[in-house]
Structure formats: C-alpha cells, structure tokens
Amino acid sequence: MAAPAKRVEQLDRVVIRFAGDSGDGMQLTGDRFTSETAQLGNDISTLPNFPAEIRAPAGTLPGVSSFQVHFADYDILTPGDAPDVLVAMNPAALKANLSELPAGADIIVNTDEFTRRNLAKVGYAASPLEDGSLADFAVHPVALTTLTLGALSELGVAKKDGERAKNMFALGLLSWMYSRPFESTLRFLERKFAKRPDLVAANKAAFQAGWNYGETTEAFAVRYEIKPARMSPGTYRNITGNQALALGLVAAAVRSGLPLFLGAYPITPASDILHELSKHKRFGVTTMQAEDEIAAIGAALGAAYGGALGVTTTSGPGVALKGETISLAIALELPLVIVDVQRAGPSTGMPTKTEQADLNMALFGRHGEAPLAVIAPKSPSDCFHAALEAARIALTYRTPVILLSDNYVANGSEPWLLPSAAELPDLRVTFATEPNTDDGRFLPYLRDPQTMARPWAVPGTPGLEHRIGGLEKADKTGDISYDPANHEFMVRTRQARIEAISVPEVDVEDPSEDAGVLVLGWGSTYGPIGAACRALRQRGLSVAQAHLRHLAPLPANLGAVLAGYDKVVVPEMNLGQLAAVIRSRYLVDVVPFNQVSGLPFTAGTLESMLEDVVKNG
Amino acid sequence: MAETVAVKLTAKDFKSDQEVRWCPGCGDYAILAAVQQFMPELGLPRENIVFVSGIGCSSRFPYYMNTYGMHSIHGRAPAIATGLSASRPDLSVWVVTGDGDALSIGGNHLIHALRRNVNIKILLFNNRIYGLTKGQYSPTSELGKITKSTPAGSADSPFNPLSLALGAEATFVARTIDSDRKHLQSVLRAAAAHEGSAFVEIYQNCNIFNDGAFELVKDPSTRDEHLIRLEQGEPITVGGLNVVHPEGSFGLKVQEGGTPIVHDATVEDPAYAFALSRLSGSDLGTTPIGVFRNVQRPSYDEIVRKQVHDAKAQATGTPDQMLDDLLNTGDTWTII
C-alpha cells in the first residue's frame, strides 16, 4: 500500500512531554528521543520529572512519571516552560499534565488505558476523550497497546512483554512525526536486550509499527522538520549533570595524577555519581559505599590525608551529617571535594524535586568560624567543568570545597561540546618531601606565601613525621595551642586564606549596554534567567545578566558590577539566601524573587517578573 | 609501594617532642610505653606508621608517637583510617580509641570496619567511664553505676566489647591489660601480624574517675582466681578450676573437674570465641585475656585494590588518551 503523501511543516522549536505510569518506561522513551534528536543536530534541553516512590500504585496520580524534551534549530537554555505535545499513556498522565498545556497543544493518548476503572482511579466521572473537555486541544487518540500487540502477534512474545513494548510504539510514532533518525535507537535496543533476542525483536517491531502508523494512517496529517541548530564545531554528546560531574571528577584525577577516592552513601539525587564513578576503576578510582554519610566523608578525608583526591557526594541531609568532618578538614587544611546535589527540604522533603536551599548551609552550616570554598554549576554539562574547578581549588589551596549542584541540572541533560583532555587545566600537585626550615625542621603549618596553603606531607614521607588534629594548632608548628593570641590569629588566617583564593571575575551580559536592571543568579537558574533576558531583549527591553559560579569567595569585581545598576534582581529557588549575602556584604538592596515549588523557574515566570521591574522599577 | 627496610629503631625513636598530659597515675602511660617499646618490632620505618584517634583521653595518643598521626573527631577514627588504609597499602595504620569513642558515638564505624576486615589495628582503651568529660558512665559501665550523670545509678546494661566485635564478624579479637606490659606486647605482636582488622581491648585504669575498675584481675592476691590466660594449644583453667563445655549446653562453664577445653583461636566458628567472651560479666568474675579469635579472611583493602589493579591492568594508552576515550563514549555527533 502506498503511503498517502503527508504535508511537511518546518518548525524552529518543539517541546514534547512523555508522560505515563512509573512502569511505562517514560524516562527511557524520553532518553531515546533525546538521543535521536541529538544525532540530528538540534540543540536540546531535557527535564525528567519522576516520583520518589519506585512504583506508586499503577494508574494513580502519584505514580505519574514524565520526561520533557525541548529541541530547536537555535541554541536554547531551558527544557521549555510548557509542552507543545503531550504523550499521555494513561488517564493519570493526562490529568497530571493537562493544566500545563497551552491551548492548541497536541495530545497523543493511549485510548486502551482509558477504561472506566482507570478513569475512576483519578477521579474522572466521564472520559475526557468523550465529554468535550479537551476541545481546546488537538487530541490524537491511538490504541497504543492494541496496536503494539497486533504488530507483535506473529513474534510469539508473551503478552506482558508485548504490552511493555508500547513505549517503543509511542517512540516510533513521535520519531516519525518529527523526522528523527532512528538507527541509534535500534542499536540501543540490541545492546539493552542483548541477552533476550525475543525482546530485541519485539521492541524493534513495536518501534517500526509506531513509525508506520504515523506514515500510513490518516490520523496524523502533518509531519514536522526542525533543522539542525547552528552550534560550534566539534564532537558532542548529550549528558546529564550527574554524569558530567562524575566525568569531571575522573578528569580531575587524570589531570592531577592523583588516585581518586570517593566515599559515598546512597542518597537521591546524588547516587548516580557513585554509580558512574564505580565504573571507572581503570583511572585509579576507588569508590566506597560507606555505612553512613559521616563514614563516607571520613574515609574520603582519610584518603586525602594519604595523598588521594578525596571526594564525597551527597544531598542536603547528608551534608548536615558531614558537618563536623568538614570542620575537621578545615582545621586540618586538607583538600576535599564535597558534592551536594540539592533537593527540596527540609528533612526528607521532596527527594526527587529541585531546590537551591542549601546555600546557607554550604556557606555557614558549621560550628565555629569554618570558612571554605563554594561553587555551583550552571547547567548539566557545566557540572564537568565545575567538578574540575572544585578539585583545582581544593588541591591548590588545601581546603574543602562544596560543589552545589541540584536535581534540575543533575538529571537534566543537554548537548556537551566534548573538550580534549590535553586542554583541561593542569592540576598536578607537589607533595612536601623535605624539611621546610633553615634548621632542618618540618613545620606542618608553615604556609606558602602565594596560596597560603600549608604543605601536603603525606604519611610515608621520611623525615616529615608530624601530628595533626582538630585541636587548635599553633601557627607554623601545628602543635596543640590554647594561646589566645594564636587562636585569634589562626581563626583570621583560615578566613583570609579562603578570601584569597583566586577566582575568575564575574561576566556581565548586557548587549544594549544601557540596562538599568541587573539579574544576578547562581547555579542552575542560569538557563531560565538567560531565556527570560533574551525574550525581554527581543521585545526591545534592556536587562543585564550576571551569573555566579563562585559563591565563596565571591568574585573580586562583584561589588563594582552591582554598583553599576539601578536595581539588582536575585531570583533563587529558596527564600532569598544569596540575596541576604549580597545585602550584608555589599549593602545593595537587591530585589529577591523566590520560588520553592520543587520545580525550576520557567522562563515565562521570570520574563513577566523582570518586565515588571524593568518597566516599573 | 615503599620497601620495607631493616631499620634499627628503639622505643626512644617513637617518642614525640610533645609533653604527655594525662593525669598522673593514668593507665594510658603504661600503654604508651608498651606501644613505643613494641614499635621497633614492626620492622617498618617510622614514616610508614600512622596512628589515628578520635576524641577522649586515649585519643591524645597520636600526639605522643613520633610517627604520622591524626587526632580526629569523636568516634570517626575507624572511618578515617579505612580511607587511609584502603588507599595506602604501604602504611601500618593503627586506631586508638576508648569505650565511649568506639562503642557509643562511633559504634557504627567500629562494627563496619570490623565486618569489612579493613587492614587496621584497633586499640580500644576500656576504662568503663568517660574521663575527658569528667566522669559520666560509659557504654561499658556496669548497670547501676553511680556517676555524675547517673546519681541514682545507670539504667543501661553494658556492652561486652569482645562479644560485640565478634558479632560484627571480626577476624582478630583479643584482650589485654595496661599494667601487664609483657602480655600487652604479645597481643600487639599477634595483632600486627594479622592481615585485616585486629580488635584489641585493653583494660585501662582511670585513677581519677573509676579507680580500681579492674583491680580484681590485676591485684596479685585475687587475680589468679579471676584471670584466665588464653594460650594457643593450652588447656583453659583458672585458679584450679577448668573451663569446660558441658554436654548439651551452648556455652562454656568454669567448674571443678571435667576436661578443660584446649584453646584454639583459629576455630572458624565464631561461637567458640563468643562463648569465651561470655565468661566475664560485669563483675569480671572469670575474665579471659589473650587472643580469642584469629582467623583469615581477605581484607577490604586487598579486595578493593585488586579491583582497581585489575581494571588498570586492562587499560591502554596514556591517561589523557584514556580520558578522551571516556569522554567520547556513547552516542556522539560531530558538527563541522
């Protein structure tokens, strides 16, 4: 049968959300669609959204898992505010996502799941497919399960396995609709089910059936194309923040020449870093799943004392537990990287939702005067470079560094222009091997005049035997000291050496050079803030954007930058933690803008807020 | 890995320049002197020896040893020592801790270090009291103990440290006494020779807050009736009585007559060492000292390092090339 000719339309950007039950494989479907899209050369940004429960009761609202992908023929900064297309695998997925859909959006539903029982589970009295309540949308009803089983009828796979392949039918259909190259998905299925040839065949057949369904039936009249984006030359891969962060730590080990020791206790949303690093032992990476958060950082600190690049990865509750050991590392002046993938708190909070509310804890959450360096990545791929930067500061200045990622960048993904290893910073360190006084003594707290770092004299070095500990140390000798003047000196020195860390100046993006309003952000809000600023500028409004990677110490030029604007707006996913720092440090009465919903800012929210500030002051 | 070189060191080489600041008469002095005197037997240069401690009176120990040392935070020494030992096979890592440090705040790290069989030697100075905080009851204090924090008597039943260690799958478990230098050093010798975690409880007198806690097994006039000296291959007896395994019972018993058990610390089944550990209650009535258990199991360090070693052995190319390959893994695409 010859396929009817379909109209092809060109689009510049699309946002698709795949939504279904936790067991429907929506994360996988989204991942595959993203990978196909990356192959085609569109710019991409993704946002997974899933419940903390591994399998909430099937068909219920708490069990809905979704994956949003935004792709375009130009460079984009966010996963998109609202979907243009919703794929709803059941009534719960429809109900949970409907309120976010703009009028006119496409909805592809699996009609097989719209049974009376499933409708009742989510409180639909009548089927929304029939009661006219979806009149504002372009609804495409597809009997996904039936069609999938029909396509597999001759393969002899079990009904359960056949039903489970329905996500590949949906992927095939969407891949046809948006003209995606599908070879990588077929290869992926061969790898994933290598031990089950029957499942390879079933999933490939389901994918093909979905594709053919789009091409041959009249249900879908239009096919879309989105041209490749103009991106810098080079090799790319799509990467999540957690993956990038893990690779950044491996890169830091390679570029420092040190073994990497990770101590970690599983915690959402940081565990994937442990999983990833445990695969890379050939780089001299040791991963230890410790008995608790405290042991995890303790072991990392012990390894750092022995000359390794010590790292611990966790989320907010874990950082709270690690606090005492972080203070010990500050007193010992040893390098240590503490990764906090922030999630919504306090307490267990919402473990799979995002927030930036650990900034206060990172900056101030320890006993005594206990300063350290804090940095935050701005996007998924930036996690790679932030990890390298955290290692650079830790190794150069012999200090613990807290790296504040969050769930949004950790699980979101974007194309990453792969760096070449040789171009990455040289992080080699020099261990102390000789006495450091004229009379042949070794003073463990005699500082380098440039970096204010003390010597890293690791056990096994002859002649440099010394003792360190949490008790206050005498300047230079490191002996126990209760001398008042010495304590005053050491407290001020520990503060001064963090302040003296060399960090890059903050850049300001102000294309019109006449903006009166500056938006100052940090960490994962870079994308939405950038998208909002662009949108305003396209409408002829002037707004400047500056984004902080270094939270401690702050860039030296920040005060001057802030002074150059009439108004400074600070959007944060907390109740104003950076805003408070800026106010107290620079006496600038910033305008805080705060959201603590567990979701990232949408560009639209920030755009309307900023428009109001720009126009009305 | 540093080579083990034959060095002729003496106890004096292991004394640091720091003034020792325990209370006069503290049992810690005797332990320090015994350890310093034993250290040359390790045959290791001083730089390859590390003492890691937590918090408490005993935890000042590293400052007085002229080796590498870290006085860390309360209860965490086993965790810190685990990271150090696992990443540095060339070091001899010793943990010095107390009954509060190891069994209260650090209980979790202790049991997990033991079950992993990390290659560290743990010296637990047990004085059955909190000394540094000036006299509160500890997790080894007897039930009903009257202290500053328990004027009506403690309501907590104590841990038996050896029973706890055995329950945590320890491969080497021993007990000794601060004042018996010869015995203490024989236990240190056995502990040092053990591959994996060695757990050594040292009865230590706190003459300020819990003086005479172990007098029953130290005083020459009483000790022979209460102290059981475990010797490998020797029958176990105390004051003319025999330690026997009564038919049909689960444990061991001290009685007149019968056939005394012949001690064998290498018995695989931990039930034997556990039964020995139960011979002494809070009252120290019949208290064994010596090596209770000494069995072989691969250490955590060894397993972890082998995994890294094997992975490295299969790697080819320079580290930068390997990194480039890693970064270019998966679905990549190139824009010209």
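Residues numbered from 1 in each chain as written. Chains lettered and ligands numbered in written order. Predicted model: local features only at pLDDT ≥ 70, side-chain atom pairs only at ≥ 80, totals over all residues.

A.B. asks: Where do I start with the overall build of chain B in this structure?
C.D. replies: A tally of helices and strands in chain B yields eleven helices and twelve strands. In terms of overall dimensions, chain B has a C-alpha envelope of 90 × 50 × 45 Å along the principal axes. A burial count over chain B gives 49% of its 336 residues as buried. (Helix = DSSP H or I, 4+ residues; strand = E, 2+ residues; numbered from the N terminus. Buried ≥ 20, exposed ≤ 12 C-beta atoms within 10 Å, placed from the backbone.)

A.B. asks: Quick question: what am I supposed to make of the overall build of chain A here?
C.D. replies: Check the secondary structure of chain A and you find 20 helices and 23 strands. In terms of C-alpha radius of gyration, chain A reaches 27 Å, essentially the compact-globule figure of 25 Å for 617 residues. Dimensions along the principal axes, computed over C-alpha positions, put chain A at roughly 95 × 60 × 45 Å. A buried classification covers 55% of the 617 residues belonging to chain A. Considering only contacts in chain A between residues 6 or more positions apart, those separated by 24 or more positions represent 76%. (Rg over C-alpha atoms; globule rule 2.2 N^0.38 Å. Contact = placed C-beta atoms within 7 Å.)

A.B. asks: In this structure, what is going on with the domain arrangement of chain A? I would like to understand it.
C.D. replies: For interface size, the figure often reported is the accessible area lost on association. Residue and element names in this part refer to chain A. Per the domain assignment, the segments of chain A are domain 1 (7-226), domain 2 (237-423) and domain 3 (508-616). Here the C-alpha centroids of domain 1 and domain 2 sit 34 Å apart. Counting from both sides, the interface comprises 13 residues of domain 1 and, opposite them, nine residues of domain 2. Elements with a contribution of two residues or more to the side of domain 1 that touches domain 2: α1 (26-40) and β3 (43-49). Sort the elements by how many residues they give to the side of domain 1 that touches domain 2 and β3 lands first, with six residues. A class-by-class count of the residues in the side of domain 1 that touches domain 2 yields eight nonpolar, four polar and one charged. (Domains from an automatic or database assignment. Nonpolar A, V, L, I, M, F, W, Y, C, P; charged D, E, K, R; others polar.)

A.B. asks: When you look at the UniProt feature "domain: Pyruvate/ketoisovalerate oxidoreductase catalytic" (unreviewed entry) in chain A in this model, what are you seeing that I'm missing?
C.D. replies: Mapped onto the present numbering, the UniProt feature "domain: Pyruvate/ketoisovalerate oxidoreductase catalytic" (unreviewed entry) falls on residues 23-210 of chain A. For the annotated span residues 23-210 of chain A, helix accounts for 42% and strand for 16% of the residues, and the straight-line distance between the end C-alpha atoms is 20 Å. (UniProt positions renumbered as here; feature names shortened; annotations may be inferred.)

A.B. asks: Teacher, can you tell me more about the sheet that holds strand β20 (residues 544-548) of chain A here?
C.D. replies: What links the strands of a sheet is backbone hydrogen bonding, and the strands pair in either a parallel or an antiparallel sense. All names here are of chain A. Taken together, the five strands give an open sheet; going across it, the order is β18-β20-β19-β22-β23, and neighbouring strands pair in mixed fashion. The sheet is open, and its two borders are formed by β18 (508-509) and β23 (591-594), each paired with just one other strand. Examined bridge by bridge, strand β22 (residues 567-572) and β23 share four bridges and lie parallel to one another. Counted as the bridge partner of Val-570 is Pro-592 from β23. Sheet strands in contact with helix α19 (residues 577-586) are β19 (517-522), β22 and β23, and its direction is about 145° off that of β22. (Pairing = 2+ DSSP bridges. Axes fitted to C-alpha atoms, helices over the stretch in contact; angles between N-to-C directions.)

A.B. asks: Looking at this model, I keep getting lost on the packing of helix α11 (residues 293-305) of chain A against helix α2 (residues 77-87) of chain B. Mind explaining?
C.D. replies: Helix-helix packing: each pair is described by the crossing angle between the helix axes and the interaxial distance. Interaxial distance between α11 of chain A and α2 of chain B falls to 6 Å at its minimum, and their mutual angle equals 45°. Taken as axis vectors, α11 of chain A and α2 of chain B run oblique relative to one another. As for how α11 of chain A packs across α2 of chain B, the hand of that crossing is right-handed. Mapping the contact onto sequence places Ile-294, Ala-295, Gly-298, Ala-299, Ala-300, Leu-301, Gly-302, Ala-303 and Tyr-305 of chain A in α11 of chain A and Ala-79, Ile-80, Ala-81, Thr-82, Gly-83, Leu-84 and Ser-87 of chain B in α2 of chain B. Here the contact of α11 of chain A with α2 of chain B is composed, by residue class, of eleven nonpolar, five polar and no charged. (Parallel < 35°, antiparallel > 145°, perpendicular 65-115°, else oblique. Left-handed = near helix turned anticlockwise from the far one by under 90°.)

A.B. asks: Looking at this model, I keep getting lost on the interface of chain A and chain B. Mind explaining?
C.D. replies: With 59 residues of chain A in contact, the opposing surface of chain B contributes 55 residues. Counting residues per element, the ones that place at least two in the side of chain A that touches chain B are α1, β9 (234-240), α9 (241-256), β10 (260-264), β11 (285-289), α11, α12 (316-332) and β17 (467-469) of chain A. The greatest single-element share of the side of chain A that touches chain B, amounting to nine residues, is contributed by α11 of chain A. Residues of the side of chain A that touches chain B, tallied by class, amount to 30 nonpolar, 20 polar and nine charged. The pairing of β17 of chain A with strand β2 (residues 68-71) of chain B spans three bridges and is parallel. Paired with Arg-467 of chain A across the two strands is Gly-69 of chain B, which belongs to β2 of chain B.

A.B. asks: For this particular structure, what's the right way to read α2 of chain B?
C.D. replies: Structurally, the α-helix is built with 3.6 residues per turn, so residues lying three or four positions apart point the same way. Counting buried residues along α2 of chain B, eleven of its eleven residues qualify, which places the element largely inside the surrounding structure. All buried positions along α2 of chain B are accounted for by Ala-77, Pro-78, Ala-79, Ile-80, Ala-81, Thr-82, Gly-83, Leu-84, Ser-85, Ala-86 and Ser-87 of chain B.

A.B. asks: Can you help me understand the nonpolar core in this one?
C.D. replies: Side chains of nonpolar character tend, in soluble globular proteins, to be buried together. Core analysis: the largest hydrophobic core is formed by 260 residues, its most contacted members being Val-250, Leu-260, Ala-300, Ala-387, Val-401 and Leu-403 of chain A. Per-element accounting of this core gives the leading share, eleven residues, to helix α14 (residues 382-397) of chain A. In this structure Val-401 of chain A touches Val-337, Ile-338, Leu-372, Ala-373, Ile-375, Ala-390, Ile-393 and Ala-394 of chain A, once residues within four positions along its chain are discounted. Counting six residues, the second largest nonpolar core, distinct from the first, contains Cys-26, Ile-129, Tyr-130 and Tyr-137 of chain B. (Core = buried A, V, L, I, M, F, W, Y, C linked by C-beta atoms within 7 Å.)

A.B. asks: Please clarify how the pairing of strand β13 (residues 336-342) of chain A should be interpreted in this entry.
C.D. replies: If a strand is regular, its side chains alternate between the two faces of the sheet. Residue and element names in this part refer to chain A. With respect to burial, β13 is a largely interior element, seven of its seven residues being buried. The parallel pair strand β12 (residues 309-314) and β13, bridged by α12, forms a crossover whose chirality is right-handed. Judged from the seven bridges that link them, β13 and strand β15 (residues 400-406) form a sheet pairing that is parallel. Looking at β15, one finds that Val-339 is bridged to Leu-403. (Right-handed = clockwise from strand over helix to strand, strands pointing away.)

A.B. asks: For this particular structure, what's the right way to read the UniProt feature "domain: Thiamine pyrophosphate enzyme TPP-binding" (unreviewed entry) in chain B?
C.D. replies: Residues annotated by UniProt as "domain: Thiamine pyrophosphate enzyme TPP-binding" (unreviewed entry) correspond here to residues 55-202 of chain B. A helix fraction of 32% and a strand fraction of 20% characterise residues 55-202 of chain B, whose end C-alpha atoms lie 17 Å from each other.

A.B. asks: I would appreciate a short explanation of the packing of helix α1 (residues 27-38) of chain B against helix α6 (residues 181-193) of chain B in the present structure.
C.D. replies: Residue and element names in this part refer to chain B. For the pair α1 and α6, interaxial distance at closest approach is 10 Å and the crossing angle is 50°. The angle between the axes of α1 and α6 places the two elements in the oblique class. Here α1 and α6 pass one another in a crossing that is right-handed. Each of Ala-30, Ile-31, Ala-34, Val-35, Gln-37 and Phe-38 in α1 lies in contact with α6, whose residues at this interface are Arg-181, Leu-184, Gln-185 and Leu-188. Taken together, the residues of the contact of α1 with α6 break down into seven nonpolar, two polar and one charged.

A.B. asks: I tried to follow the sheet that holds β11 of chain A on my own but got confused; where do I start?
C.D. replies: Residue and element names in this part refer to chain A. Read across the open sheet, the seven strands follow the order β11-β10-β12-β13-β15-β14-β21; overall the sheet is mixed. Edge positions in the sheet fall to β11 and β21 (550-552), since each of these pairs with one other strand and no more. Across this sheet, the average inter-strand angle for adjacent strands is 20°, counted without regard to direction.

A.B. asks: Help me understand the pairing of β22 of chain A in this model?
C.D. replies: Residue and element names in this part refer to chain A. Along β22, five of the six residues are buried, which leaves the element largely enclosed by surrounding structure. Alignment of β19 against β22, held across three bridges, turns out to be parallel. Residue pairing for β22: Val-517 is matched across the bridge by Lys-567. In this fold, the crossover linking β22 to β23 by way of α19 has right-handed handedness.

A.B. asks: Looking at this model, I keep getting lost on the environment of Val-173 of chain B. Mind explaining?
C.D. replies: Relative to the assigned elements, Val-173 of chain B resides in strand β5 (residues 172-177). Discounting residues that sit within four places of it in the chain, Val-173 of chain B has contacts with Leu-162, Ala-165, Leu-166, Phe-199, Ala-273, Phe-292 and Arg-293 of chain B.

A.B. asks: It is not clear to me how the environment of Asp-426 of chain A should be interpreted in this structure. Could you clarify?
C.D. replies: All names here are of chain A. Mapped onto the elements of the fold, Asp-426 is located in the loop between β16 (413-417) and β17. Taking the number of C-beta atoms within 10 Å as the measure of exposure, Asp-426 has 9 and is therefore exposed. Along the chain, Asp-426 and Ser-256 lie 170 residues apart, while their C-alpha atoms are 6.6 Å from each other.

A.B. asks: Where do I start with helix α10 (residues 300-314) of chain B in this structure?
C.D. replies: Between its terminal C-alpha atoms α10 of chain B stretches 22 Å, which fits the 21 Å expected from 15 residues at 1.5 Å a residue. Of all the residues in α10 of chain B, the buried ones are Tyr-300, Asp-301 and Val-304 of chain B. Buried residues along α10 of chain B cover an arc of 100° about the axis, so they all sit on one side. Turned more than 90 degrees off the buried face of α10 of chain B, the exposed positions are Ile-303, Lys-306, His-309, Asp-310, Ala-313 and Gln-314 of chain B. For α10 of chain B, the secondary structure elements touched by its buried residues are β11 of chain A together with α2 and α4 (107-116) of chain B. (Expected span 1.5 Å × (residues − 1). Arc of directions from axis to C-beta.)

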